[in-house]
Amino acid sequence: MIILKLGGSALTIKDADKPTIDDVNLERIAEEVSCYNQDMIIVHGAGSFGHIHAKEYAIGETITDDKDKSNKIKGMSLTQASVQLLNYKVISKLHEKNVPAIGMKPSSFIVNKNKRIDECDTNLIRQYLDDGFVPVLYGDAVLDKNDEIKYSILSGDQIITYLAKDLKADRVILSSDVDGIYTDNPKTNPDAKLIDIVTKDTLLTTTTNDNQADVTGGMAGKINELLELADYGIESQIINAQKEGNIKLAVSGKAVKGTIIK
Ligand code: IP8
């Protein structure tokens, strides 16, 4: 079974000031995904859907008073609706390509505690998977058992780590808008070099949030999640979804330029 993360930066125009799909990429990525016909779970990021509302309403930050709580409730409902809309667009495109995708709304069965998954019943996912469906989950805004925050953001990367362990994934592939992990931010430093293999001993300077609109920590958040997975014995690979053919090669188990986290 493979878990494929479709990065929000590949599916949407991430820097847009309103939720905007990258139609060309979505079309191509769905086509590439359709070439794989074995067990697969897809988890997508939020991109310009989700992060904008989550940031505006400071979801996951301490609730200061009743007015702030009402405001965050509004933010929660807007954030959830926004990422659900993106999910609908992703699964609709997959249906056009004959992929039996079903959207599964993480906030309806996952509860966080201090911003980490605390409750998640994976039985339904397992049943759909066993019947040949392709479950499609996504980064979402969820309830949090910490009473000071009450709500928090659950990144697609955290969902991947959890599902990979729980459902014993054979492979985890994460697609992003860069080739993998670099010695520095490749978008701002042309001398940044791609790192082929990252382990927990690799010294990384890419530890800051490389995108201010990203409430879940950009590449740094991703690396931490994947190192945790590696600790558990599951290797993952980051590849560039902007490059035509990469997803198709990666899901088919063929070599692709990128970074392996082990
Ligand atoms: O794009 C974030 O998920 P990610 C989810 O996978 C929200 O980090 C709601 C911003």
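Above: the structure in question.
Note that the coordinates shown come from a computational prediction; the quantities given were computed from them, not determined experimentally.

Caption draft 1: Looking closely at the packing of helix H2 (residues 23-33) against helix H4 (residues 66-96). At a closest axis distance of 9 Å, the pairing of H2 and H4 adopts a crossing angle of 55°. Regarding the angle of H2 to H4, the classification is oblique. In this structure, H2 crosses over H4, and the sense of that crossing is right-handed. In contact with Leu26, Glu27, Ala30 and Val33 of H2, H4 contributes Lys89, Val90, Lys93, Leu94 and Glu96. Its residues assigned to classes, the contact of H2 with H4 comprises five nonpolar, no polar and four charged.

Caption draft 2: Molecular detail of the environment of Leu226. As for its placement among the helices and strands, Leu226 is situated in helix H7 (residues 218-231). A relative accessible area of 1% means that Leu226 is categorised as buried. Measuring from C-alpha to C-alpha, the distance between Leu226 and Ile238 comes to 9.6 Å, with twelve residues separating the pair along the chain. Once residues lying within four places of it in the same chain are set aside, the contact partners of Leu226 are Leu174, Ser236, Ile238 and Ile261.

Caption draft 3: Fine view of unusual backbone geometry. With a phi close to 65°, Asn98 is a non-glycine residue in the positive phi region. Turning to its location among the elements, Asn98 is positioned in the loop between H4 and strand S3 (101-103). Accessibility expressed as a relative area gives 69% for Asn98, which makes it exposed. Positive phi, normally seen in glycine, also occurs at Lys115, with a value near 70°. Along the polypeptide, Lys115 turns up in the loop between strand S4 (110-113) and strand S5 (116-120). Owing to a relative accessible area of 41%, Lys115 belongs among the partly exposed residues under this scheme.

What counts, and where the lines are drawn
Residues numbered from 1 in each chain as written. Predicted model: local features only at pLDDT ≥ 70, side-chain atom pairs only at ≥ 80, totals over all residues. Heavy atoms only, no water. Axes fitted to C-alpha atoms, helices over the stretch in contact; angles between N-to-C directions. Helix = DSSP H or I, 4+ residues; strand = E, 2+ residues; numbered from the N terminus. Parallel < 35°, antiparallel > 145°, perpendicular 65-115°, else oblique. Left-handed = near helix turned anticlockwise from the far one by under 90°. Contact = heavy atoms within 4.5 Å. Nonpolar A, V, L, I, M, F, W, Y, C, P; charged D, E, K, R; others polar. Buried < 20%, exposed > 50% of the residue type's maximum accessible area, 1.4 Å probe, protein only.

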